[in-house]
Amino acid sequence: MNPVLEVSGLRTHFGIEKRVLPAVRGVDFSLSRGRTLGLVGESGCGKTVTALSLMRLVPRPGRIVAGSVRLDRSGGGPLELLSLPESRMRRIRGRELGMIFQEPMTSLNPVFTIGEQVREAIRVHEPLGKKAVRERVIGLLRDVNLPDPESRYFDYPHQLSGGQRQRVMIAIALACNPKVLIADEPTTALDVTVQARILGLISRLRDRYEMAVLLVTHDLGVVAQATERVAVMYLGRIVEAAATRRLFKAPAHPYTRGLLDSVPRLGEEKRRLAAVRGAVPTLSRIPAGCSFHPRCPRAGEVCRRESPAPREVGEGHRVECHFPLE
Amino acid sequence: MTAPEKSRNYWLSAGREVLRRPRAAVSLAVILFYLAVALWGFTGWKTPDWETENFEMAYRPPSRAHPFGTDIYGRDVLAKTVYGTRVAVSVALTASVLALVIGLVLGLLAGYFGGWIDDLITWLFSTLQSIPYILLILAFAFVLQDRTFTLFGAEFRIRGINAVSLALGLTGWVGLCRLIRGEAIKHREREYVLAARALGSSPGRLIVRQILPNVVHLAVITFSLGFVSYIHAEVILSFLGLGVKHVPSWGVMIDDAKLELFRGVWWQLAAATAAIFFISLTLHIFGDAVRDGLDPRLRGERR
Ligand SMILES: Nc1ncnc2c1ncn2[C@@H]1O[C@H](COP(=O)(O)OP(=O)(O)OP(=O)(O)O)[C@@H](O)[C@H]1O
Ligand SMILES: [Mg+2]
């Protein structure tokens, strides 16, 4: 199947004075209709910056310095988003690419009712009549299973629970029927039972609206539950990508292995937490060679010198490692 | 979180919130009374006569015919106070609206866009601010006095009262501008602004739809407090002889009172002072209540 969104060689740097912090250092992946790709990695590895780069909303002093983000169009060839003028990019946001954020409290404007906010999401792109918009808003609120949408319409964000707010955020992101949904840690701020319900909702809506979903998370449980494919990110690069099942069963990168080992499992009593030793280096001092080598149990001489080229270790299973696990 | 209370309209519920406080409601009534008096002055319909001079009636203390007494020319002080209300309110209103618009627009632009726009606007208000306020107004009032200029083909002549209003408005926006700029910088970084950008909102739409509603309570409170200070400024300027001339104003009345007090004529000073006092007090109380009623955070906490 043709990918809806194809990202290649994406690089985003934060330039503070003359120091350059490479937050995203050449990232490739693609999103397909009706599929969810999980993007995982420790805090600070560049997941959010990658997501914001796709929307071209990287905050200053960040800048996309290289790469390509191509959006498939039903008629005509793919559209290169990184070279679009800002005014055309604005029409892509919301309509082709929707985004939900981590904090459902702060992502809603405190002075407007939730109905007004969903309405605004529609009206940015479509000048519909009052009644038509209103019906669509109620319909969307119903789609995200917000109880009693007719009266919830008039509630302010602070009158809703965290899970309800995140449902509203999803309704807002879906308001103009985007082809791609980018969800940056949509459930991190929620407690576990609510988390499972929101993930279920996203999957159902993905199927109904035939969207491609990029699910950013640092939680492997979320990945296992809600994705078909996973990309593991480390210091601004995707070091391993594979089908979710395969990755969980047979991780090839020592870093992925470490992440998996750090998840405590029922039945296994003594499992080391934080199986990846050492801390993430800062962006201003990215190690030469393979950037993971100082923390890697398998690192050899070559790892210090050369950064590994991506290689295929199975169908649709790509890894950047000199000594991948079997 | 307490039981959700349905409120259909932000402004309506904010208004109810404000008027629930008795002091605010009383203050509003007093303010409306002043506005009505000013409006009455403008219509000129059966307004008390302040012009007729009658030297036989000079310096009469308050009586049934002249509740506030008479001045040196035998003119009715109540009538002068009423006319003074018209002057004070029209100066304060013009200046407030001017300062509000300039301060709000420049503050939002500087805060949201940053960069050279911010540098330019910051430079502008820092410069204005570095000049002692009273000198600045005096300078503006001097320069604007009796100027003629053409705008859209029509000729305008700036006379006493207009010069005062313009001078106050053109210098008075700095405080609001600084305040709004700071708030806009804060809100610009908020996640809901990012979320709105992710929806494809243009900068103009973002400023008007997302940021403005979050700072408008500051504009309202500044407006009501500014109103008081413009009334005071008009009094001071008129007192100094730079404001209105040949017509009554509270400042002119106080100026007249200089020569009256030692003769024991206290009523003209008392009338002007009381007029200033009550409008100042009620605007302060009302302004505070409005701030509490409109601030989204305070509203959120109370529920
Ligand atoms: N505004 C900024 N200015 C400078 N550096 C930034 C900025 N935003 C992000 N970075 C840098 O980019 C790197 C990646 O940040 P990012 O927010 O993408 O991490 P993340 O993977 O989303 O982490 P988390 O799980 O904590 O959300 C970080 O090391 C951070 O230092
Ligand atoms: Mg993040």
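Our structure's up above, just so we're on the same page.
It should be emphasised that the depicted structure is a prediction, and the values quoted were computed from it without experimental measurement.

## Points about the site of ligand 1
Residues and elements named next belong to chain A. Around ligand 1 sit Phe 14, Ala 23, Glu 42, Ser 43, Gly 44, Cys 45, Gly 46, Lys 47, Thr 48, Val 49, Glu 185 and Leu 283, and that is every residue in its neighbourhood. Val 49 is positioned with one of its backbone polar atoms (N or O) 2.9 Å from an oxygen atom of ligand 1. If ligand 1 stood free it would expose 620 Å²; the protein chains cover 68% of that surface. At three residues, helix α1 (residues 47–55) tops the list of elements feeding residues into the shell around ligand 1. Within the shell around ligand 1, the residues separate by chemical class into five nonpolar, four polar and three charged.

## Quick look at the environment of Pro 62 of chain B
Residue and element names in this part refer to chain B. Inspection of the secondary structure puts Pro 62 in the loop between α2 (22–43) and α3 (77–113). Look at Pro 62 and you get partly exposed, because its relative accessible area is 35%. Apart from residues lying up to four places away in sequence, Pro 62 is in contact with Pro 67, Phe 68, Gly 69, Trp 266 and Trp 267.

## Description of the interface of chain A and chain B
The partner chain B presents 30 residues to the 34 residues of chain A that form the contact. Roughly 2,800 Å² of surface becomes buried between chain A and chain B when both sides are summed, with 56% attributable to carbon and sulfur atoms. Measuring nitrogen to oxygen at the nearest pair gives 2.6 Å for the salt bridge that ties Glu 120 of chain A to Arg 209 of chain B. Joining chain A to chain B, the criterion identifies nine residue pairs in polar contact (both at pLDDT 80 or more). Secondary structure elements with two or more residues in the side of chain A that touches chain B: α1, β6 (97–100), α3 (114–123) and α6 (162–174) of chain A. When the residues that make up the side of chain A that touches chain B are grouped by side-chain class, the tally is 17 nonpolar, nine polar and eight charged.

Definitions and cut-offs
Residues numbered from 1 in each chain as written. Chains lettered and ligands numbered in written order. Predicted model: local features only at pLDDT ≥ 70, side-chain atom pairs only at ≥ 80, totals over all residues. Heavy atoms only, no water. Near = heavy atom within 4 Å. Polar contact = N/O pair within 3.5 Å; in protein donor to acceptor, adjacent residues only side chain to side chain. Areas by Shrake-Rupley, 256 points an atom, 1.4 Å probe, with all protein chains shown as cover. Helix = DSSP H or I, 4+ residues; strand = E, 2+ residues; numbered from the N terminus. Nonpolar A, V, L, I, M, F, W, Y, C, P; charged D, E, K, R; others polar. Buried < 20%, exposed > 50% of the residue type's maximum accessible area, 1.4 Å probe, protein only. Contact = heavy atoms within 4.5 Å. Buried area = accessible area lost by both parts, 1.4 Å probe. Salt bridge = Lys/Arg side-chain N within 4 Å of Asp/Glu carboxyl O.

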